[in-house]
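The lines below spell out each chain.
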Amino acid sequence: MSSPKSTLFSPYTLRGVRFPNRVVISPMQMYLARDGVANDWHFQHLAKYAVARAGCVFTEVLCVEPRGRNTHWDLGIWNDEQVPPLVRIREFVESCGAVPAAQIGHCGGKASRQRPFDGHGPLGEADAARGEPPWTPVGPIAEPSAPGYHMPDALTTAEIAAIVDAFADGTRRVARAGYRFLEVHAAHGYLVHSFYSPISNRRRDGYGGDRRGRMRLALEIAEAVRGQWSDELPLSFRLSCVDALDGGWTMDDTIALARELEHRGVDAIDCSSRGVRGATALANLEATRRPARAGYQVPYAEELRRETGIPTMAVGLILTPRQAEGILARGEADLVLLAREALYDPHWVLHAARELEHDPEWDLWPPSWGWWLAQRERTGVEVDPDH
Ligand SMILES: Cc1cc2nc3c(=O)[nH]c(=O)nc-3n(C[C@H](O)[C@H](O)[C@H](O)COP(=O)(O)O)c2cc1C
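What counts, and where the lines are drawn
- Residues numbered from 1 in each chain as written.
- Predicted model: local features only at pLDDT ≥ 70, side-chain atom pairs only at ≥ 80, totals over all residues.
- Axes fitted to C-alpha atoms, helices over the stretch in contact; angles between N-to-C directions.
- Helix = DSSP H or I, 4+ residues; strand = E, 2+ residues; numbered from the N terminus.
- Left-handed = near helix turned anticlockwise from the far one by under 90°.
- Contact = placed C-beta atoms within 7 Å.
- Nonpolar A, V, L, I, M, F, W, Y, C, P; charged D, E, K, R; others polar.
- Near = placed C-beta within 6 Å.
- Core = buried A, V, L, I, M, F, W, Y, C linked by C-beta atoms within 7 Å.
- Buried ≥ 20, exposed ≤ 12 C-beta atoms within 10 Å, placed from the backbone.
- Pairing = 2+ DSSP bridges.
- Parallel < 35°, antiparallel > 145°, perpendicular 65-115°, else oblique.

Peer 1: Summarise the packing of helix α6 (residues 211-228) against helix α7 (residues 251-263); cite the residues concerned and give the values.
Peer 2: Between α6 and α7, the shortest axis-to-axis distance is 10 Å and the interhelical angle comes to 40°. Helix-helix and strand crossings are classified by hand; for α6 and α7 the assignment is right-handed. Only Asp-253, Ala-256, Leu-257, Glu-260 and Leu-261 of α7 make contact with α6, whose side of the interface consists of Arg-211, Met-215, Ala-218, Leu-219 and Ala-222. Class assignment of the residues belonging to the contact of α6 with α7 gives a composition of seven nonpolar, no polar and three charged.

Listed below in structure tokens is the structure:
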């Protein structure tokens, strides 16, 4: 294998963990779990990216309590039965040389919904009749998280403390499962974001009010999680860097929050955006009725990295190897994350290595595949333009 000419294929280290390259598979909910337990579908979904040489592979969000699930079909990390299938995934991902990573979170007021492909609305009577009853979600205040959504219960301070404990318990289980990188999902209008955004948090107690009060839940979770996570292992937070709504959370706020998170042992910020007042962060984007720009969230990762020196992870319509290479080579982020483009092309990383001339001999491919592809290339292929 040639020495890395590209930044994309240069290794990267956070704490005691070495990423073989800078491509990370972003967390992607499959909505196919029963009782929060991963199955063969989750295994193959993540295993194939590790085979295809992603530097790091994230699980979908693992919900820290049943009430914090988006849907009945989410993965969970609230009991010990949920750990063994996550161990199986971790072992395989690690055997391919990728960093096994887990995301934990709580969907807050966006819980109790139909799956995206079942309508994505709040669960109702018809859902209950087919075995998917709604439950009451929780949030900072008693106000639906998006039009038409369930009225959540406003959390008491004692209930907030219990949720912080649930994040700590979830972290302990992820650690026991052997994962090497942990991310807290604090974006997309879910519980933690709904506390720091002034749009969704109008509490008057110590968890609301000014920015310090609104950030308190995120910071308490960071401390609780860091307390259960090895000093050798990195921790990231996924933030919605901007609400992109009048009176919402801004980049200045993100810079302030990231600095506080860093003081509490958070090593990197995964720079996403949006999600309050919409079904999903992506729906917020669609609602602007403008085509989304490739790399639309990269400027958040760039500004945060430049202003704070904190390592950043860029995500959102990162499509081509050259685009990803440019983001890294210009120092706009330390890692790039792919979601939908990886669904489209699960071998994205292997293809990128060919395109960037990092793998001229097909060495990155599993030998059972690469040997044949190298042979086909040596033979050459004559293409008949009419067929
Ligand atoms: C099927 C699917 C499931 C997703 N599930 C999660 C999730 O569990 N946690 C999360 O933080 N983001 C989730 N996202 C958002 C992605 O991680 C990513 O931030 C977003 O899709 C933008 O990147 P892309 O343009 O490469 O798709 C999901 C996206 C998709 C397409």
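Peer 1: Report on the site of the ligand, specifying residues and quantitative values.
Peer 2: Surveying the vicinity of the ligand reveals 18 residues, the closest of which are Ser-26, Pro-27, Val-61, Ala-339 and Arg-340. Those elements giving two or more residues to the shell around the ligand turn out to be β4 (56-63) and α11 (340-344). For the shell around the ligand, the residue count by class is eight nonpolar, six polar and four charged.

Peer 1: Residues and numbers for the nonpolar core, please.
Peer 2: By size, the foremost hydrophobic cluster in this structure holds 101 residues, and its most contacted members are Ala-54, Val-57, Met-313, Ala-314 and Val-336. In terms of residue count, the dominant contributor to this core is α6 (seven residues). Residues contacting Met-313, with those up to four places away along its chain left out, are Val-24, Ser-236, Ala-268, Ile-269, Asp-270, Cys-271, Ala-301, Ala-333, Asp-334, Leu-335 and Leu-337.

Peer 1: Outline the pairing of β4, listing residues and values.
Peer 2: A regular strand places its side chains on the two faces of the sheet in alternate fashion. Burial analysis of β4 places eight of its eight residues in the buried class, the great majority of the element. Here strand β3 (residues 23-25) pairs with β4 via two bridges, running parallel. Bridge assignment links Ile-25 to a residue of β4, and that residue is Val-57. Here two bridges tie β4 to strand β5 (residues 75-76), and the two strands are oriented parallel to one another.

Peer 1: So what's going on with the packing of α7 against helix α9 (residues 298-308)? Residues and values would help.
Peer 2: At a closest axis distance of 10 Å, the pairing of α7 and α9 adopts a crossing angle of 55°. In terms of axis orientation, α7 runs oblique to α9. Of the two elements, α7 crosses α9, and the hand of that crossing is right-handed. In contact with Met-251, Thr-254, Ile-255, Ala-258 and Arg-259 of α7, α9 contributes Tyr-300, Glu-303, Leu-304, Glu-307 and Thr-308. Here the residues of the contact of α7 with α9 are counted per class, giving five nonpolar, two polar and three charged.

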